[in-house]
Amino acid sequence: MTIYSLYVFNRKCLCVHYHSFNRSKSSNLTFQQEFKLVFGLLHSLRGISRKLGPSFANGDNFNSYSTNSYKMTLYELPTSLKFILLTDKNESTDQVKNCLKEFYINIFVQNVVRSPNWLEILNLEDEKQSSEKQKQNSNAYKSYFPERSIEEINKYFRALPFY
């Protein structure tokens, strides 16, 4: 099993963290184009799921989307913070969602939410607002998070059994 990428979108639909793990193929898009494409796909699929889902389903019942080469799994918080993990297509949606939930509770809250600039990150509307706070390492990651939290995120996902 393999993890390809992690995307974290704030409530203003801005990708505040992207991390590439075992991604061997480039999309040949800029980061911004790729983030818009991923968020647009997620937004469209959730809309279709709400409209075409059974009438007895409570609100949003979208969990994951699968192709013949990867699976996109969503974990969304009531604050509209979205964690999207691209994994191998054979990975269990429940297992991935549990890992994202555990990641949020044990790593994200401790290292990102408790950082002094968290409210600023949460409310960013566009990349130009805070480009000086953005960290980037070639194609491995692009983030507004503190450097220490990026290391913890990397450590957490590399330790998962399906990494």
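Residues numbered from 1 in each chain as written. Predicted model: local features only at pLDDT ≥ 70, side-chain atom pairs only at ≥ 80, totals over all residues. Heavy atoms only, no water.

K.L.:
How should I be thinking about unusual backbone geometry in this particular structure?
P.N.:
If a residue is not glycine, its phi is most likely negative; likewise, a peptide bond is most likely trans. A positive phi angle, close to 70 degrees, is found at C13, a residue other than glycine. Summarising the element assignment, C13 is placed in the loop between β1 (3–9) and β2 (15–20). Within the chain, S80 stands out as a residue other than glycine whose phi angle is a positive 70 degrees. Mapped onto the secondary structure, S80 falls in the loop between β4 (71–76) and β5 (82–87). Relative accessible area serves as the criterion here: at 27%, S80 is assigned to the partly exposed category. (Helix = DSSP H or I, 4+ residues; strand = E, 2+ residues; numbered from the N terminus. Buried < 20%, exposed > 50% of the residue type's maximum accessible area, 1.4 Å probe, protein only.)

K.L.:
How should I be thinking about the nonpolar core in this particular structure?
P.N.:
One recurring pattern in soluble globular proteins is that nonpolar side chains are buried together. Counting 31 residues, the largest nonpolar core has L6, F83, F103, F108, F145 and F157 as the members making the most contacts within it. Those elements that provide at least two residues to this core are β1, β5, α2 (93–113), α3 (118–123) and α4 (147–158). Broken down by element, this core gets its largest block of residues, seven residues, from α2. For F103, the contacting residues outside a window of four places in its chain are L6, F83, F108, I153, Y156 and F157. Core analysis: the next-biggest nonpolar cluster, separate from the first, contains 15 residues, Y7, C15, L74 and L86 among them. (Core = buried A, V, L, I, M, F, W, Y, C linked by side-chain atoms within 4.5 Å. Contact = heavy atoms within 4.5 Å.)

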